[in-house]
Amino acid sequence: GMAMSPVSTRKDGKLFWIISDNPPVNALGHGVRAGLAEAIAKGNADGGVKAIIIACEGRTFFAGADITEFGKPLQAPGLPEVCDAIEASEKPVIAAIHGTALGGGLEVALACHYRVAVPSAKLGLPEVKLGLLPGAGGTQRLPRAIGAEAALGMIVSGNPVGARAAHAAGLVDKLAEEDGLRDAAADLAKEVMDRNTHPVTSRREDKIRAAKEDPGLFDRFRKDNARMIRGLDAPEACIAAVEAAVNIPFEKGTALERELFMKLVTGDQSKAMRHVFFAERTAQKIDGLPKDTATYRVEKVGILGAGTMGGGIAMNFLTAGIPVTMVEREQAALDRGVAIMRKNYERSAAKGKFKPEHVEAAMGRLNPTLDFEALGECDLIIEAVFENMDLKKDIFSRLDQVAKPGAILASNTSYLDIDEIAAQTRRPDHVLGMHFFSPANVMKLLEVVRGKETAPAVLATAMAVGKKIGKVAVVSGVCHGFIGNRMLAARQEQANALLLEGATPWQIDDALTSFGMPMGPFQMADLAGLDIGWNPDTTSSSTVREVLCEQGRRGQKTGKGFYDYGEDRSRTPSKEVEAIIADFARKSGKTPRDFTEGEIRERLIYPMINEGAKILEEGIAQRASDIDIVWLYGYGWPAWTGGPMFWADTIGVGRVLSGLERHGKALGDDFEISPLLKTIAEDGRRFNG
Ligand code: 3HC
Ligand code: NAI
C-alpha cells in the first residue's frame, strides 16, 4: 500500500494550504519532496484556488535536505525540480516560516513568491558547514533576492540571520506576530491573490546590478576571508556560484551549481563534515542509559580554584545565566582570577560579541569568596585546583562534609584517577570528572568522565549541563589522560623521539599545521609554558625541555622557548635550541638524519590512531566518532578530515597498520599495535561503521 505522505493539503475558501509534518525538523526527504510537487500541481489544477500557502507543523519550517539521503541514489523528484515547480506556479505561493528555514528549506522559501516569518525565525544556507554549497538554486536565487555581497556573506559563512534582519534585507516580505503566523500568511495571500503578476526571484535583476558594476567584489571577498576558508573546497565553490549568478543567466547558473554540488557531495571533505554533524549528535547518547533518565536540577554552581581553568569554567555558567560561587585559598589569587574574567568579558564586548550590559549581568552572578562553607548551597561543584592527587583527595573529603545531600562533585583533573578521588567521599556515586579544555570559555569540548560508581542520573546531569552551557559533551571512562590527553601523550612521545632522530621542532610543528591543526606540539608547549611541573631545585638537565627551562627559555611568556618570539608573538626558529637538541642527540648515540613531512606526519598521527583504537577496545570511549569529536572540539583537529578515526577510515586502516609496522622499532620499545586496529585493518573494515 501507499505510505502516508508527510504532506497534506487543505482548501480554505480561495486559499490552498500545503502542510508538511515530518518530525523532528521537517527535513526535505523523498516523501516531503514528492508531496510538495503533487500538492502544487493539485492547487494549480483547482479552479477555485487563488493562492497557495506552504507551512510546516512542529518545531520548524524545513531545516534542509535530508542529510541521511546524501550519497545514496536520488529518488525523483529532486529538490531543484520541486523549487522550479513552486516558482512556476501560476497561483502565488507564500512561505509561512517559523523555527529555522535552513538549506533546502530556505531554497523552497526563495522559490515561493512571498515570504512571511515570525520574528524568532532564523533563515540561512548552512551547506558550507557540511562541505557543500546550496544545491537547489540557493546560490542563484539568494543573490537575486538580497544582492550578491549579502548573499556571499550568508552562503560562505553558513550562519543564519534572524527574521528581522532578513526582513530588512528584503528576504522576508512580512513579519508576523509570534503566535500569528498562519493568520498573517492568509492575510498576505488575500492581499496579493488578485494581482496579475507576482515576484519571481529567478527573473530579478535589480539586486545583482551593483555587483555587475563591481567585478572586483569577488576577489576582494576571497582575499578578506582567506583565513576562514583555508584548506576547504566548499567556500570557493560557493563564491564561484554566486559569481555566476551575477554574470550568467539563471539556467546556466543553476547548471553550474548542480555540477559543483555533485562534485562536493561525493568528495572526501563533505563526507567527513557530514560525519561530524552526526557524530556531534550521537555523542550525546550514553550506552545503557535510557534517553529519558531523570536529571538533577543545577541552579547554583560552585567552583574551586580561580586559576586558568576555574575562571574560564565559571564564565561558561555566568554567560548561561547560572550563578557561580568561586572559592580560593588566598585573596590575591581570587582577585587576580576575577579580574581576568572581567577583562575577558570586556574584550568580547569591545569586539561586539557581547553587549556591555551583559558583562555586568554576568559578573553580577559571580560570588567570589574564601569561605569554603559557601559551597554548601551548590547543586554542582567543580574542582579546578592544582593537579596534585593528595590535594584533590583532601579537597574531596572536605567537599563531602560541606556539600548538601544530592550535590554533584566534579573534578576538572587532566590525568588523575576519578575513582581514587571519589573513594574519599561517602558519595562516590555522585562524583565524576568534568574535564574542560583551555581556554575553557572558548573550547567547545567537555569530557565527562564516568567513574565506576557514578550514578546514571549524575552522568546524565553532567551531559545536560554541558549542553546547557553550549559545550559538546563526550563520555569517557577512567584512564590516565582520558580520551584526549591520552592520545596527545602518544603523539608527544613520538615528537620527542623525532627531535633526537634529527627532525627540528619547526618541521614537526609544520607537519601538523599543514595538515590543518592550529598548532604543533612545540608551539603548544611554548604557549602553555615549558616550566609546568619543572622545579629549579631538582632540575637535572635530563631532557631538552629541562635544559630550555634552565636557560630561561620557558615559553612564550619569557619571549623564548622552543622558538624565539617577536613582540607580535610571531615565532622564529632558534639556532640556540638547535644546538641544544644536537647535543642531546649526540649523547643519546643517535645519528641525525633528514625527514620528509610525510614521514613526520605518519610518526605523529598513526600512533594517535593506535592509541584511539586501544581506547575503543578498552571501552574508555563508547564509539569511534566520540574520539573524533574530542579531537575536533578539544584540540582543533581539522573538520574537513572528520577527526582522527574518520581520517584513518578515509585513508584506510590497512595503510595505518602497514605504516606502524614500517616504523617498527623507531616507535619505541614499549610500543604495541592495538589488536583491534589490526583486526579492523585485516578485515578491511572501518572504525566508524
Ligand atoms: N537531515 C536529516 N536529519 C536531520 C537534519 C537534516 N537536515 N537536521 C537535523 N536532523 C536530525 C538530527 O540528526 C537529530 O537526529 P537525532 O535526534 O536522531 O540525533 C534531529 O534531527 C534533531 O536535530 P538537532 O538535535 O540538531 O536539533 P536542534 O533543535 O538542536 O537543531 C537544527 C535543529 C537547527 C535544524 C539543526 O538540526 C540543524 O542545524 N540541522 C541541519 C541544517 C542543515 O545543515 N541544513 C542544510 C542541509 S543540506 C541542504 O539542504 C542541501 C540543499 O541545498 C540541497
Ligand atoms: P592554576 O594554577 O591556573 O589554578 C589553580 C588554582 O587553584 C590557583 O589559583 C590556586 O590558588 C587554587 N588553589 C590551590 N589550592 C586550593 C585550595 N586548597 N582551595 C582553593 N583553591 C586552591 O591551574 P589550572 O591550569 O587552572 O589547572 C587546574 C586544574 O585543571 C588542574 O587539575 C589541571 O590539570 C586541570 N586542567 C588544566 C588545563 C590547562 O590547560 N591549564 C586544561 C584542563 C584541565
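Rules of the game
Residues numbered from 1 in each chain as written. Chains lettered and ligands numbered in written order. Predicted model: local features only at pLDDT ≥ 70, side-chain atom pairs only at ≥ 80, totals over all residues. Heavy atoms only, no water. Helix = DSSP H or I, 4+ residues; strand = E, 2+ residues; numbered from the N terminus. Rg over C-alpha atoms; globule rule 2.2 N^0.38 Å. Buried < 20%, exposed > 50% of the residue type's maximum accessible area, 1.4 Å probe, protein only. Contact = heavy atoms within 4.5 Å. Areas by Shrake-Rupley, 256 points an atom, 1.4 Å probe, with all protein chains shown as cover. Disulfide = S-S within 2.5 Å. Expected span 1.5 Å × (residues − 1). Near = heavy atom within 4 Å. Polar contact = N/O pair within 3.5 Å; in protein donor to acceptor, adjacent residues only side chain to side chain. Nonpolar A, V, L, I, M, F, W, Y, C, P; charged D, E, K, R; others polar. Pairing = 2+ DSSP bridges. Salt bridge = Lys/Arg side-chain N within 4 Å of Asp/Glu carboxyl O. Axes fitted to C-alpha atoms, helices over the stretch in contact; angles between N-to-C directions. Parallel < 35°, antiparallel > 145°, perpendicular 65-115°, else oblique.

1. Remarks on the overall build of the protein chain
Broken down by element type, the protein chain carries 29 helices and 19 strands. A compact globule built from 689 residues should have a C-alpha radius of gyration of about 26 Å, and the protein chain, at 28 Å, falls within 12% of that. For the protein chain, the spread of C-alpha atoms along the three principal axes comes to 90 × 60 × 55 Å. For the protein chain, with 689 residues in total, the buried portion stands at 53%. In the protein chain, the share of contacts with a sequence separation of at least 24, taken over all contacts with a separation of at least 6, comes to 72%. Of the roughly 30,100 Å² of accessible surface on the protein chain, a fraction of 52% belongs to carbon and sulfur atoms.

2. Observations regarding unusual backbone geometry
Here Pro23 and Pro24 are connected by a cis peptide whose omega angle stands at 0 degrees. With respect to the secondary-structure elements, Pro24 resides in the loop between β2 (15–20) and α1 (30–45). Of the consecutive residues Ser438 and Pro439, the connecting peptide bond is found in the cis state with omega at -10 degrees. Note on placement: Pro439 falls in the loop between β15 (431–436) and β16 (445–449).

3. Focus: the state of the cysteines
Here the structure, examined in full by the defined rule, presents zero disulfides. Left unpaired, Cys56 is separated from the closest cysteine sulfur, that of Cys112, by 10 Å. Assessed through its relative accessible area of 3%, Cys56 is described here as buried. Here Cys112 is not cross-linked by a disulfide; its sulfur's nearest cysteine counterpart is in Cys83, at 8.3 Å. Here Cys112 falls in the buried class, since its relative accessible area comes to 1%.

4. Topic: helix α14 (residues 308–319)
For α14, with twelve residues, the first-to-last C-alpha span of 17 Å sits near the 16 Å given by 1.5 Å per residue. Of all twelve residues that make up α14, ten are buried, and the element is covered over most of its length. Along α14, the positions that sit buried rather than exposed are Met309, Gly310, Gly311, Gly312, Ile313, Ala314, Met315, Asn316, Phe317 and Leu318. Of the residues trailing α14, Gly321 is marked for its positive phi of about 90 degrees.

5. Quick look at the site of ligand 2
Ligand 2 sits among 21 residues. The nearest are Met309, Glu328, Glu387, Lys392 and Ser414. Contacts to ligand 2 include Arg329, whose side-chain N or O atom sits 3.3 Å from an oxygen atom. Val385 is positioned such that a nitrogen or oxygen atom in its backbone is 3.3 Å from an oxygen atom of ligand 2. Starting from 830 Å² of accessible surface for ligand 2 in isolation, the protein chains cover 80%. Elements with a contribution of two residues or more to the shell around ligand 2: α14, α17 (389–402) and β15.

6. A few points about the site of ligand 1
Taken together, the neighbourhood of ligand 1 is formed by 24 residues, with Arg59, Ala65, Glu107, Glu127 and Arg281 sitting nearest. Arg59 places a polar side-chain atom, nitrogen or oxygen, 2.6 Å from an oxygen atom of ligand 1. Glu107 has a polar side-chain atom sitting 2.8 Å from an oxygen atom of ligand 1. Out of a free accessible area of 990 Å², ligand 1 has 74% covered by protein chains. For the shell around ligand 1, the leading source of residues is helix α13 (residues 268–282), giving three residues. Tallied by class, residues from the shell around ligand 1 come to 13 nonpolar, five polar and six charged.

7. What to know about the pairing of β15
Among the six residues that make up β15, six are buried, leaving the element largely enclosed by the rest of the structure. Burial along β15 is two-sided: the residues Val431, Gly433 and His435 and Leu432, Met434 and Phe436 are all buried. As judged from the four bridges shared by β15 and β16, these two strands associate in the antiparallel manner. Across the sheet, residue Met434 finds its bridge partner in β16, namely Val448.

8. Looking at the environment of Ala111
Mapped onto the elements, Ala111 comes out in helix α3 (residues 104–111). Take Ala111: its relative accessible area is 1%, and that puts it in the buried class. Between the alpha carbons of Ala111 and Pro80 there is a distance of 9.6 Å; along the sequence they are 31 residues apart. Setting aside anything within four residues of it in sequence, one finds Ala111 in contact with Cys83, Ile86, Glu87 and Arg141.

9. Observations concerning the pattern of salt bridges
Taken as a whole, this structure holds 40 salt bridges when the rule is applied. With a closest N to O distance of 2.8 Å, Glu377 and Lys300 form a salt bridge. Of this pair, Glu377 sits in the loop between β12 (366–369) and β13 (380–383) while Lys300 sits in the loop between α13 and β10 (301–304), and the two are 77 residues apart along the sequence. Note on Glu377: relative accessible area 48%, which makes it partly exposed. Given a relative accessible area of 29%, Lys300 falls into the partly exposed group. Between Glu346 and Arg342 there is a salt bridge, and its shortest N-O distance comes to 3.5 Å. Here Glu346 pairs with Arg342, and both are found in helix α15 (residues 331–350), just four residues apart, close to one helical turn.

10. Topic: the packing of helix α4 (residues 138–146) against helix α12 (residues 250–265)
Running from N to C, α4 and α12 point in directions that differ by 135 degrees, and their axes come no closer than 8 Å. With respect to α12, the element α4 is oriented oblique. For the pair α4 and α12, the contacting residues are Gly138, Thr139, Gln140, Arg141 and Arg144 in the first and Phe250, Gly253, Thr254 and Glu257 in the second. Partitioning the contact of α4 with α12 into residue classes produces one nonpolar, five polar and three charged.

11. Quick word on the side chain of His275
One can find His275 in helix α13. On the basis of relative accessible area, His275 is assigned to the buried category, the value being 13%. In terms of polar contacts, His275 uses its side chain to reach the side chain of Asp628, at 2.9 Å. Leave out the neighbours within four places in its chain, and His275 touches Ser625, Asp628, Gly642, Phe646 and Asn688.

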